[in-house]
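Summary of structural features
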Amino acid sequence: MIIPLPTPESLAIYVHWPFCAKKCPYCDFNSHVRESVDHTAWRDAYLRELQHLRSLTGPREVLSVFFGGGTPSLMLPGTTAAIIEAIDALWGIPQGTEITLEANPGSSEVEKFRAFRTAGVNRVSVGVQALNDADLQALGRLHGAAEAKAAVRMAAEVFTRFSFDLIYARQGQSLAAWRDELHEALAMAGGHLSLYQLTIEEGTPFHTLFQRGEIILPDEDTGAAMYEVTQEMTAAAGLPAYEISNHARLGDASRHNLVYWRGGDYAGIGPGAHGRLTLADGQRVATRMHRAPEIWLERVNAVGHGAQPFEVIADDAFARERMLMGLRLSEGINHHDFQALTGVAVNDVIKPEAARALIDGGFLSDDGRVISATAAGRQRLNALLAYLLN
Amino acid sequence: MTDQKHIRNFSIIAHIDHGKSTLADRLIQTCGGVELREMKEQMLDNMDIERERGITIKAQTVRLSYTAKDGLTYQLNLMDTPGHVDFAYEVSRSLAACEGALLVVDASQGVEAQTLANVYQALDNNLEIVPVINKIDLPAADVARVKQQIEDVIGIDASDAIPTSAKSGIGIDELLEGIVTRLPCPKGDPNAPLKALLVDSWYDPYLGVVILVRVFEGTVKVKDKLRFMSTGAAYEADRVGVFTPKHVMTGELKPGEMGFITCGIKTITETKIGDTITLDRTPTSNILAGFKPSVPMVFCSLFPVDSSEFEKLRESIGKLALNDASLHYEAESSNALGMGFRCGFLGLLHLEIIQERLSREFNLELIPTAPSVVYKLDLTNGTDMELYNPADMPDVVRIKTIYEPWIKATIMVPDEYLGGILQLCQERRGVQKELTWVGSRAMAVYRLPLNEVVFDFYDRLKSISRGYASMDYVLDGFEEGDLVRLNILVNQEPLDALSMIVHRSQAERRGRQLCERLKDLIPRQMFKIAIQASIGGKVVAREDVSALRKDVTAKCYGGDISRKRKLLDKQKEGKKKMRQYGNVEIPQSAFISALRMNDNK
Ligand SMILES: Nc1nc2c(ncn2[C@@H]2O[C@H](COP(=O)(O)OP(=O)(O)OP(=O)(O)O)[C@@H](O)[C@H]2O)c(=O)[nH]1
Ligand SMILES: C[S@@+](CC[C@H](N)C(=O)[O-])C[C@H]1O[C@@H](n2cnc3c(N)ncnc32)[C@H](O)[C@@H]1O
Ligand code: SF4
Ligand SMILES: [Mg+2]
């Protein structure tokens, strides 16, 4: 493996910035629009919550830092810098550690790219979403295609590693249109691309429109064909899928996201941030911060952190989670590593007859060392997991 | 104490929903049977299911006291009966206990199928009939037309039919006077040995088994030793009383009276409806004609969705059967659905009601199989058998002849829908016996195989006629039929619960329908699913559920892990409601919907 596995002594750190210039109608992330943000207060709160987390984790080897959102490119670079410094002071950030920041393609954000680099960020992920103005507008985005492309060019210029996101299988999108768009995207791409099929999330304006029949998405067959085309074209371009929706050149996968999919520990700070920590007593817990930005801020000021009560994750639950996250990855799950991490054997979590049927059907492969979903299996992973695990 | 001259016993009979129970309310209210504040609509319909559906299922008896214009006080024994054809046997029992009947006809709808069926029963019992034209408050009421119709169709004099509105209380005084002046009084010999008719029995959680009787001759008192003539069993009467509609203990019942008795009987199976009750000491020498036992006409199996609830289902059906002698049941096991019960019912409504009571009163989730009928088989080895369950059908080579039950159905329908109804009867192998008109309403009498009727016939009838057709039927013998068993297979495995016996001419259509329906009901899965219908070894229909092409969550990051796992855990819970067929999972809801009788999609 090129990218080393997480260990009980390692930690990924996620920092959630909950503000956006505008709420996109399809988005169910914890993102909020506020007229103004007290940047100093927010910076101080992040720094305090980091200290709290340090007291829970003890010393760890930091594998990655990720600023997600919301729109973290709206942060003051000084805040980013202070957070990175604090992480370094509390845990130590080894040379070359991946530090990613999600950026929206607005001009004000892009102007700050160099300042973010100076702050310590070495990788950006740009939310391009679509490559034509009409579709961007239909997605409710504030930027046009030209701006998005400029942002990607700027990212390529300023950062050694960058990625960008596209949403496909959008309203009215044809297979041919997606093929062309992806072709164009691959020409602009660096070492990494995230390509998501549009998901209608409950509680979003798109959900309401969809229910009313005012948004019509490509049907299952078209969606499937788009997914298949995506796999072929990215592979041909040297950026094969390493996860359901993520593509990278060899060795250029997102270290941070790999921690999620491989079952490593991660600390999450900021409103609504989730974390997974193995505590000193060996207990595995899921952590979760208050979602509402103001409440989070108030809690941090009052008690030093915005955490909700932890949820203990039992071994068998953890093992099931490992399966459902691990099979998202093309690399699959190594039987030995799985058992070392969860204390449970893969074969005790899956149903052997189901596994056999899935292998015969070409959806799963298992050579006794690694179990993985094939491309066909990943394309139907939800059904596959239900079939294999339930 | 009332002289027989001052007693009137009558049943209220009508087509369903023509207002019998509401009329009973008005009579009870006017006679002061209950305080005004205790009054509620259709107060005799005291089962939850009756109140909710607004229909009467069980006949009820009430004693009222009425002071007539002649200044005398009369004892009125009123029996409210159900209108629905499934419960026709309740009507026949009530009629046997009365001298008269109020024939209620809806002033806007006129004579319907059950009006006819019930009035003929009353005439067969030699009852005096007083026609009552109800709902005259409705704008569409047409009393003159309905009178004419009663004369034309039924052939009884309707010139002094009493117009009423049970809803607004119009005509109730006239009706009460009519009951007193036009209905005959009972004329039993008070000095003869006790002769009473056992009209009904039920289980009351407080009183135990209660029997309803009509005394024809002699008197019954508390402490009397009673003899039940069909069984010979003897019991001492501990309580004797009447319903007003409250329980009132009177201590005795005299000739011509109706009331209840409790006498330490443990279960209703010890009582035989229609039995003659007499005194053990001085028995009567003439036995009343009694009734034919009610026979189940429609059968289906009930399986618990959660197979661990089989015992609970057994207990619950047992409890309902305590009060419902016409509910038959027997344990059975199915490869598709596990352990359950094969049940016999009076008809589709009875089936539906039992099912609903099981689910509501006992909190059972059930899968009912398709309703079917009883077949008689002559086997090649010279023996014969009755077949209640398609699953038990012997191999074709062992069957010499199959006989199926036929019915005689009377359908009343407005002219404009007649064509559709005739076509429906034709499709269902019906043979026309009569077709007559009364004004713009047609009355078609058909012989039909019952098998064709239990399969969604009633729904089709209603939908073709936009609800305007009504139907009544009686069993009309068994006839040889070219019947086959239709099997449904999923990936070559038979779903025994879906197999059914059908006429050969219908088999392919039925098979195709079921396959198509299952195709829509079974969600797409990892693997392709073949659904087939076969007769013997021959496949007559096939549908495929193609495999899923794509089903994956695009985004899944740190925050989603437990949420996704919980979703998976919940699916696992839901799996209890799935049945596994090879590599295919079929949600039980698919069975349930596939088994819904109505197939007009
Ligand atoms: N307008 C009007 N509605 C009436 C009258 N009598 C009864 N109804 C209504 O007709 C419906 C049926 O009344 P029920 O008394 O339940 O009829 P039923 O004949 O006892 O019905 P089953 O027992 O189911 O056969 C109810 O909604 C009553 O309110 C009436 O005189 N006028
Ligand atoms: C956490 S979001 C934030 C990124 C950034 N704020 C932006 O919008 O550009 C990360 C990515 O998720 C994807 N995304 C968000 N909502 C989505 C949805 N409903 N369906 C598919 N992809 C979605 C978008 O591609 C987005 O860039
Ligand atoms: S900018 Fe990104 S995080 Fe903000 S609302 Fe839009 S998609 Fe969501
Ligand atoms: Mg009624």
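Now for a quick tour of the structure.

About the criteria used
- Residues numbered from 1 in each chain as written.
- Chains lettered and ligands numbered in written order.
- Predicted model: local features only at pLDDT ≥ 70, side-chain atom pairs only at ≥ 80, totals over all residues.
- Helix = DSSP H or I, 4+ residues; strand = E, 2+ residues; numbered from the N terminus.
- Buried ≥ 20, exposed ≤ 12 C-beta atoms within 10 Å, placed from the backbone.
- Contact = placed C-beta atoms within 7 Å.
- Near = placed C-beta within 6 Å.
- Nonpolar A, V, L, I, M, F, W, Y, C, P; charged D, E, K, R; others polar.
- Pairing = 2+ DSSP bridges.
- Arc of directions from axis to C-beta.
- Core = buried A, V, L, I, M, F, W, Y, C linked by C-beta atoms within 7 Å.

1. Details of the overall build of chain A
Helix and strand counts for chain A stand at 17 helices and 15 strands. Buried residues in chain A amount to 49% of all 390 residues.

2. Notes on the overall build of chain B
Of regular secondary structure, chain B possesses 14 helices and 33 strands. Relative to its full complement of 601 residues, chain B shows a buried share of 48%. Here the contacts in chain B between residues at least 6 apart in sequence split such that 70% fall between residues at least 24 apart.

3. Digging into helix α10 (residues 255–262) of chain A
All names here are of chain A. For α10, the buried fraction is high: 8 of the 8 residues fall into the buried class. Turning to α10, its buried residues are Arg255, His256, Asn257, Leu258, Val259, Tyr260, Trp261 and Arg262. Positive phi shows up at Gly263, right after α10, with a value of about 85°.

4. Quick look at the site of ligand 3
Close to ligand 3 lie Cys20(A), Lys23(A), Cys24(A), Cys27(A), Phe29(A), Ser31(A), Gly69(A), Gly70(A), Thr71(A), Asn104(A) and Gly127(A), which account for all nearby residues. Taken together, the residues of the shell around ligand 3 break down into 4 nonpolar, 6 polar and 1 charged.

5. Quick look at the pairing of strand β4 (residues 123–129) of chain A
All names here are of chain A. The buried count for β4 comes to 7 of 7 residues, which makes it a mostly enclosed element. Side-chain alternation along β4 places Arg123, Ser125, Gly127 and Gln129 on one buried face and Val124, Val126 and Val128 on a second face that is also buried. As paired strands, strand β3 (residues 98–103) and β4 are joined by 4 bridges and run parallel to one another. Each residue of the ladder has a partner; that of Leu101, found in β4, is Val124. Bridge analysis of β4 against strand β5 (residues 161–168) gives 6 bridges, and the strand direction is parallel. Residue pairing across strands places Gln129 opposite Leu166, the latter belonging to β5.

6. Observations regarding helix α11 (residues 293–303) of chain A
Helical periodicity: at 3.6 residues per turn, an α-helix aligns residues three or four positions apart in one direction. Residue and element names in this part refer to chain A. Of all the residues in α11, the buried ones are Pro293, Trp296, Leu297, Arg299 and Val300. Projected down its long axis, α11 carries its buried residues within an arc of 165°, all on one side. Opposite the packed face of α11, turned more than 90 degrees from it, sit the exposed residues Glu294, Ala302 and Val303.

7. With respect to the pairing of strand β4 (residues 100–106) of chain B
Working note: regular strand, side chains alternate between the two faces of the sheet. Residue and element names in this part refer to chain B. In terms of residue burial, β4 counts as a mostly covered element, since 7 of its 7 residues are buried. Where burial is concerned, the two faces of β4 agree: the one with Gly100, Leu102, Val104 and Asp106 and the one with Ala101, Leu103 and Val105 are both buried. For strand β1 (residues 7–14) and β4, the ladder comprises 5 bridges, and the chain directions are parallel. Bridged to Phe10 within β4 is Gly100.

8. Here we look at the nonpolar core
Within soluble globular proteins, side chains that are nonpolar tend to cluster in buried spots. In terms of nonpolar packing, the biggest core is built from 276 residues, with Ile13(A), Leu384(A), Ala101(B), Leu103(B), Val213(B) and Ile411(B) touching the most fellow members. Element by element, the count of residues in this core is highest for helix α17 (residues 381–389) of chain A, at 8 residues. If sequence neighbours within four positions are ignored, Leu384(A) has contacts with Leu358(A), Phe363(A), Ala373(A), Gly377(A) and Met526(B).

9. Concerning the interface of chain B and chain A
The partner chain A presents 40 residues to the 24 residues of chain B that form the contact. Classifying every residue of the side of chain B that touches chain A gives 9 nonpolar, 7 polar and 8 charged.

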